[in-house]
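Here are the chains, one letter per residue:
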Amino acid sequence: MYISDTIERYLEAADTGTANTRRTYRTAMNLFQKYLVEKEVPPDASEPEDLDVDRLLAFATWLLEEANIGQRTLYTYLAALVSWVTYLQVRGWLPFNAQELARLRDGIKRIRRNQRPPELLPYPPRPEELELLVTAAHETVLRRPGDLREQLAKLRDVAIVEALRCSGLRVGELVTITRKQLEDQDRAVWVVGKRNKIRRVYFDDRAWDAIHRYLRARQPLDGATRRPLSELPVFSRHDRRAGSKVLPLTTQTVQNTIRRLAERAGLGAKGITPHALRHYFATRIYQTTHDLAVTQTALGHASPNTTRIYAKLEDNAVRNAHRDAFESK
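Residues numbered from 1 in each chain as written. Predicted model: local features only at pLDDT ≥ 70, side-chain atom pairs only at ≥ 80, totals over all residues. Heavy atoms only, no water.

Digging into the packing of helix α7 (residues 148-167) against helix α12 (residues 274-289)
Here is step 1: Their axes nearest at 6 Å, the elements α7 and α12 cross at an angle of 40°. Here α12 runs oblique to α7, going by the angle between their axes. When α7 is examined against α12, the residues Val 161, Leu 164, Arg 165, Cys 166 and Ser 167 are found in contact with a partner set consisting of Pro 274, Leu 277, Tyr 280 and Phe 281.
Here is step 2: Its residues assigned to classes, the contact of α7 with α12 comprises seven nonpolar, one polar and one charged. (Axes fitted to C-alpha atoms, helices over the stretch in contact; angles between N-to-C directions. Helix = DSSP H or I, 4+ residues; strand = E, 2+ residues; numbered from the N terminus. Parallel < 35°, antiparallel > 145°, perpendicular 65-115°, else oblique. Contact = heavy atoms within 4.5 Å. Nonpolar A, V, L, I, M, F, W, Y, C, P; charged D, E, K, R; others polar.)

In structure tokens:
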């Protein structure tokens, strides 16, 4: 069996990961096949037995120097490679002995350690900047109403900004929420996050009212569809191609919406994204509670290490020292 065939089988296997994981890994393995071609090991004419540990490890160097990928992407692509090697080994298609496998794992570990990406601090918008963003969304509704489709899009955009502001939702979670997931009693929604982790997300009065104001205005469209009301997306498309159909949004649409509103609010240079609003939420939660466990649960983080970055944002020791040294006279 040729290398290209094993890669295709690997990417089609359900145990390789979720659909999103397999799409990401496909990009990695496409680059791996390009790398093999450059090294004169054509994947559609060579078998896994033609590979050795040194050639596999050299893929990391090629990614950095030839493909010009970043260090964080390198981690993901190496994970794809290791997963593929494991897939082959289990099926007996890559008969590495124990010593070769140990050398491969040790080599990957060393590469990851040497190429560890820098820790990135989130840049949440300031409260006054977020209010400017919210105001820009509301102002669009107050302008000339226009047709139903246009007015629905404006009300939806207000609901999106208000929801992201106070919930910590990932944009991928936001666009998949259906009507049946809304809980009126607690003003909450159950969402399925990364690694299929389920968590409850809460909204404040402003966000909840904005969501239901939008849904009430959308009743003519919802009532005309043959699908059960409970199955309809909370946030729907209102572009001309969607017409009168109630179709879910894409993550790209939400990102474009936030960017457009940021520009309208005079915040274009701030680089505000839907994920920046998640950072804003996380910062507010930690500032209020100073409890990493609560913040981790609210965000749906699998590891407390991911959440700990928000504690660093609250470390004012250096700021206070600078004030004492240079500003206190």
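Having seen the structure, we can now continue with the description.
Quick look at the nonpolar core
Within soluble globular proteins, side chains that are nonpolar tend to cluster in buried spots.
Here is step 1: If you look at the biggest cluster of nonpolar residues, it comprises 47 residues, and the most contacted ones within it are Phe 203 and Phe 235.
Here is step 2: Those elements that place two or more of their residues in this core are α6 (127-142), α7, α8 (171-174), β2 (188-192), α9 (205-217), α11 (251-264) and α12.
Here is step 3: Counting residues per element, this core draws most heavily on α7, which supplies nine residues.
Here is step 4: Look past the residues within four positions of Phe 235 in its chain and what remains in contact with it is Arg 156, Ala 159, Ile 160, Ala 163, Leu 174, Ile 211, Tyr 214, Arg 218, Leu 247, Pro 248 and Leu 249.
Here is step 5: Within the second largest apolar cluster, 37 residues are counted, among which are Leu 11, Leu 51, Tyr 77 and Leu 101. (Core = buried A, V, L, I, M, F, W, Y, C linked by side-chain atoms within 4.5 Å. Buried < 20%, exposed > 50% of the residue type's maximum accessible area, 1.4 Å probe, protein only.)

Focus on the packing of aromatic side chains
Here is step 1: According to the stated counting rule, one finds 10 aromatic pairs in the structure shown.
Here is step 2: A ring pair is formed by Phe 59 and Trp 62, whose centres lie 6.1 Å apart and whose planes are at 20°; its orientation type is stacked. Placement of both Phe 59 and Trp 62 in helix α3 (residues 53-65) is noted, with a separation of three residues, approximately one turn of the helix. Each member of the pair, Phe 59 as well as Trp 62, is classed as buried.
Here is step 3: With a centroid separation of 6.5 Å and 5° between ring planes, the pair formed by Tyr 214 and Phe 235 is classed as stacked. Placement of the pair is Tyr 214 in helix α9 and Phe 235 in the loop between α10 (219-224) and α11, with a sequence separation of 21 residues. For the pair Tyr 214 and Phe 235, a shared accessibility class is recorded, and that class is buried.
Here is step 4: Each member of the aromatic cluster is reached from another via a ring pair, and the members are Phe 32, Tyr 35, Phe 59, Trp 62 and Trp 84. (Phe/Tyr/Trp six-rings, centres within 6.5 Å; stacked < 30°, edge-to-face > 60°.)

By themselves, these figures tell us nothing about what the structure is for.
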